[in-house]
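Read off the chains here:
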Amino acid sequence: MCGIVGYIGDKVAAKLIMDGLKRLEYRGYDSSGIAVIENGRLETIRAVGKIKNLESLISDEQYSGTSGIGHIRWATHGKPSEENAHPHTDCSGKIVVVHNGIIENYKQLKHDLVAEGHKFKSETDTEVIVHLIEKYYRKDLVAAVRQATSLLKGAYALAVLSINNPDTVIGARMDAPLVAGIGENEYFLASDIPALLSYTKKFVYLEDGDIIELKKSGYKIYAADGSNAERKTHIIAWDSLMAEKSGYKHFMLKEIFEQQRTIEDTFRGRIDYDDISEFFNELSIDPETVRDIGRISIIACGTSYYAGLIGKFWFETLAGIHAEAEIGSEFRYRDFIIDDRTLLIAISQSGETADTIAPLREGKKRGARTLAICNVMGSTITRDAAGTLYTRCGPEIGVASTKAFTGQITSLFLLAVYFGIVRGKLTKENAAGLIDSLIQIPKDISMILNRENEIISIAKKFFKKTNFLFLGRGLNYPIAMEGALKLKEISYIHAEGYPAGEMKHGPIALIDENLPVVCIATKDKVYEKVLSNIEEVKAREGIVIAIATDGDERIKEKADYVFYVPNTDALLSPLLNIVPLQLFAYHIGVLRGCDVDQPRNLAKSVTVE
Ligand code: AGP
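Read on for a plain summary of the structure.

### Things to note about the pattern of salt bridges
Applying the stated criterion across every chain yields a total of 38 salt bridges. In this structure, Arg261 and Asp265 form a salt bridge, with 2.8 Å as the shortest nitrogen-oxygen distance. Taken together, the residues span about one helical turn, with Arg261 and Asp265 both in helix α7 (residues 251–267) at a distance of 4 residues. Between Asp292 and Arg369 there is a salt bridge, with the nearest N and O atoms lying 3.1 Å from each other.

So this is what it looks like as structure tokens:
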């Protein structure tokens, strides 16, 4: 997730764009850059790292130009570096582009453009866009942008500036947010409202396929077919802090709701099971190596460890590979068995967790092949591992991990499916069915999020409780563990996750009329077993809150409260079942007046032992 800003009017563009980028820093901080038209020249300034590094290159009086574009980056293709920082320019240096999104077919486009003589300077997917605009540019910038974007597959929100059209700033969007700010003889573009709230309260939300042409005298919007489009003007009354959270009360809630997009961003461009070489190239691992894997050891901590537990199931079921999930702080001090046929997978949102880094390095030293699943490009773990499968969730600000978790399990699912195909455990037909179910998941999550009020009403009944038990079986045992962790880390209520089948080996002694028991009881091969566990709880006066599959009437006879999720392939149920538990923990935390985004005693990245 990156942030873009554009401006044309009578104010100093550089200053206004920098101010806007600073207000979008929650969208990314790997690098940043601006381009302004200054005395008939196109000036581009870029810097790696946080926006203050760019700010140190721009003194107030240096630039007086009144049109420009800017970008703050969260790297998805190409490491954080100056040459990969936006804006990107064409061969002539007369056109610049900033982009938020993922261009799925950029490799092919780049290949064709290089063959036509275009010179590339970066590793990014974005750079193909500015060379395509250059290729089709014949004085009409809107037409060139339309032709260029018609060739793009994937998601983009763009701002375009050209020295040949100094009175114009162009915006375009497909599957990535872009708003236009409406001022008095001045017009703005931004990925998100916070960037512009100091300058205007009037916004136009562009729609997929729209191209907007901004001039000091006014703006025009063209729909995908080139026709003029009218879009509603909205007056936004948020203050800037509210706006950084897009109107949500907390970053955690915003990030729970972002999952319908971040899961799609994570699998976007990686689901061509007919041609999986592209997928493996990204991982710096070849199919021959995958066929030679003897076992997989997954190392992680906290929420990432629970993602690893789910990955273990999938590697066994879909790829026929023995897999173990290991808690980093334990694994690092064990005499663990590693050989050159072991694949070590380190999972980490931050890429900086000390308890995960240490065993990864030790395992690598002992000859294991290594892979990382991580959300932060260029972080330590991604540099230590031989290859990285990046989750594409954008910065996760809330300390309690939500969207990164579902990004991790989406990545693990893709890995297990492709390992299964390469090892002959999965036919392409099986893979197609699983991928089709995965593609449906964002819509299913959207349906769950629309039922948020049902979770709130259950949370209101239980927020004063002092203990919870979470039960699940098979793939949903790790979800029970993660649901318990979410609750305890943001509401400070003691909560334990347990394999449902283990209850009779001890925890059943806890059950009484005061203990709420959350049971994950969606339809799968152990559904009947979970129903029996629910009956055991009810027989001891326990209170049961069940997560169940749409249409399941039997569960109503057994559970005190039921929250329904859409029906999906049982293998993918963890991606859905965790969402109500995230919302449940969040709303209980809020009802208890806890600091939900920054819970006591916790840090977003545990970089020490
Ligand atoms: C999750 O909500 C917690 N913040 C914590 O358990 C976290 O998952 C753990 O510290 C691992 O962090 P990482 O994914 O950045 O390695």
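### With respect to the sheet that holds strand β12 (residues 211–215)
With antiparallel pairing, 6 strands are arranged side by side in an open sheet as β5-β6-β7-β8-β12-β13. Among the strands making up the open sheet, the edge pair consists of β5 (88–89) and β13 (218–222). Two elements, strand β8 (residues 169–174) and β12, share 4 bridges in a ladder whose sense is antiparallel. From the neighbouring strand, Ala172 faces β12, where its bridge partner is Ile211.

### Things to note about the packing of aromatic side chains
In total, this model carries 17 aromatic pairs according to the counting rule given. On the numbers, 6.2 Å between centres and 10° between planes, the contact of Phe280 with Phe419 is stacked. Of this pair, Phe280 sits in helix α8 (residues 277–283) while Phe419 sits in helix α14 (residues 403–422); the two residues are 139 residues apart in sequence, bridging distant segments of the chain. Residues Phe280 and Phe419 agree in their burial class; the two are buried. An aromatic cluster is built from Phe279, Phe280, Phe315, Tyr418 and Phe419, whose rings are joined through pairwise contacts. In this structure, Arg600 is placed above the aromatic ring of Tyr492, and the distance from its NZ or CZ to the ring centre is 3.8 Å.

### Let's talk about the environment of Val98
Residue placement: Val98 occurs in strand β6 (residues 95–103). The residues touching Val98, leaving out its near neighbours within four places in the chain, are Ile4, Ile69, Gly70, His71, His86, Pro87, Ala157, Leu158 and Ala159.

### Regarding the site of the ligand
The local shell around the ligand holds 15 residues, among which Ser304, Ser348, Ser350, Thr353 and Glu489 are the closest. Here Gln349 contributes a backbone N or O atom positioned 2.8 Å from an oxygen atom of the ligand. One nitrogen or oxygen atom from the side chain of Lys486 is found 3.0 Å from an oxygen atom belonging to the ligand. Relative to its free-state accessible area of 410 Å², the ligand is covered by the protein chains to the extent of 91%. Looking at the shell around the ligand residue by residue, the classes come out as 5 nonpolar, 8 polar and 2 charged.

### Some remarks on the sheet that holds strand β1 (residues 3–8)
Taken together, 8 strands build an open sheet; the order of strands is β3-β2-β4-β1-β10-β9-β11-β14 and the sheet is antiparallel. The open sheet is flanked by β3 (41–48) and β14 (233–235), the only strands paired with a single partner. Mean inter-strand twist for the sheet, computed between neighbouring axes without regard to direction, equals 20°. Bridge count for strand β11 (residues 202–205) against β14 is 3 bridges, and the pairing is antiparallel. Its bridge partner being in β14, Lys202 is matched across the sheet by Ile235. Across the sheet, helix α1 (residues 13–22) lies against β1, β2 (31–38), β4 (67–73) and β10 (187–190), angled at about 25° from β4, the strand it touches most.

### Quick word on α7
Between its first and last C-alpha atoms α7 spans 23 Å; for 17 residues at 1.5 Å apiece the expected length is 24 Å, and the two agree. Remark: the principal bend of α7, roughly 50°, maps to Gln259. Where burial is concerned, most of α7 is hidden: 14 out of the 17 residues are buried. Positive backbone phi, approximately 75°, marks Gly269, located one or two places after α7.

### Concerning the side chain of Ser297
Along the polypeptide, Ser297 turns up in strand β15 (residues 295–300). Note on Ser297: relative accessible area 1%, which makes it buried. With near-sequence residues (within four places) excluded, Ser297 lies in contact with Glu324, Phe331, Thr342, Leu343, Leu344 and Ile345.

### Let's talk about the packing of α7 against helix α15 (residues 428–449)
At a minimum axis distance of 9 Å, the contact between α7 and α15 shows a crossing angle of 175°. Here α7 lies roughly antiparallel to α15, going by the angle between them. For the pair α7 and α15, contact is made by Ile256, Phe257, Gln260, Ile263, Glu264 and Phe267 and by Leu438, Ile439, Ile441, Pro442, Ile445, Ser446 and Leu449, respectively. Considered class by class, the residues forming the contact of α7 with α15 number 10 nonpolar, 2 polar and 1 charged.

### Some points on the side chain of Asp125
On the secondary structure map, Asp125 appears in the loop between α3 (106–115) and α4 (127–136). Buried Asp125, no salt bridge; nearest opposite-charge side chain is Arg73, N-O distance 6.1 Å. At 2.9 Å, the side chain of Asp125 forms a polar contact with the backbone nitrogen of Ile103. Ignoring sequence-local partners within four residues, the contact set of Asp125 consists of His77, His99, Gly101, Ile102, Ile103 and Tyr106.

Scoring rules and cut-offs
- Residues numbered from 1 in each chain as written.
- Predicted model: local features only at pLDDT ≥ 70, side-chain atom pairs only at ≥ 80, totals over all residues.
- Heavy atoms only, no water.
- Salt bridge = Lys/Arg side-chain N within 4 Å of Asp/Glu carboxyl O.
- Helix = DSSP H or I, 4+ residues; strand = E, 2+ residues; numbered from the N terminus.
- Pairing = 2+ DSSP bridges.
- Phe/Tyr/Trp six-rings, centres within 6.5 Å; stacked < 30°, edge-to-face > 60°.
- Buried < 20%, exposed > 50% of the residue type's maximum accessible area, 1.4 Å probe, protein only.
- Lys NZ or Arg CZ within 6 Å of the ring centre and 35° of its normal.
- Contact = heavy atoms within 4.5 Å.
- Near = heavy atom within 4 Å.
- Polar contact = N/O pair within 3.5 Å; in protein donor to acceptor, adjacent residues only side chain to side chain.
- Areas by Shrake-Rupley, 256 points an atom, 1.4 Å probe, with all protein chains shown as cover.
- Nonpolar A, V, L, I, M, F, W, Y, C, P; charged D, E, K, R; others polar.
- Axes fitted to C-alpha atoms, helices over the stretch in contact; angles between N-to-C directions.
- Expected span 1.5 Å × (residues − 1).
- Bend = angle between axes of the 7 residues up to and from the residue.
- Parallel < 35°, antiparallel > 145°, perpendicular 65-115°, else oblique.
- Lys, Arg positive; Asp, Glu negative; His and termini not counted.

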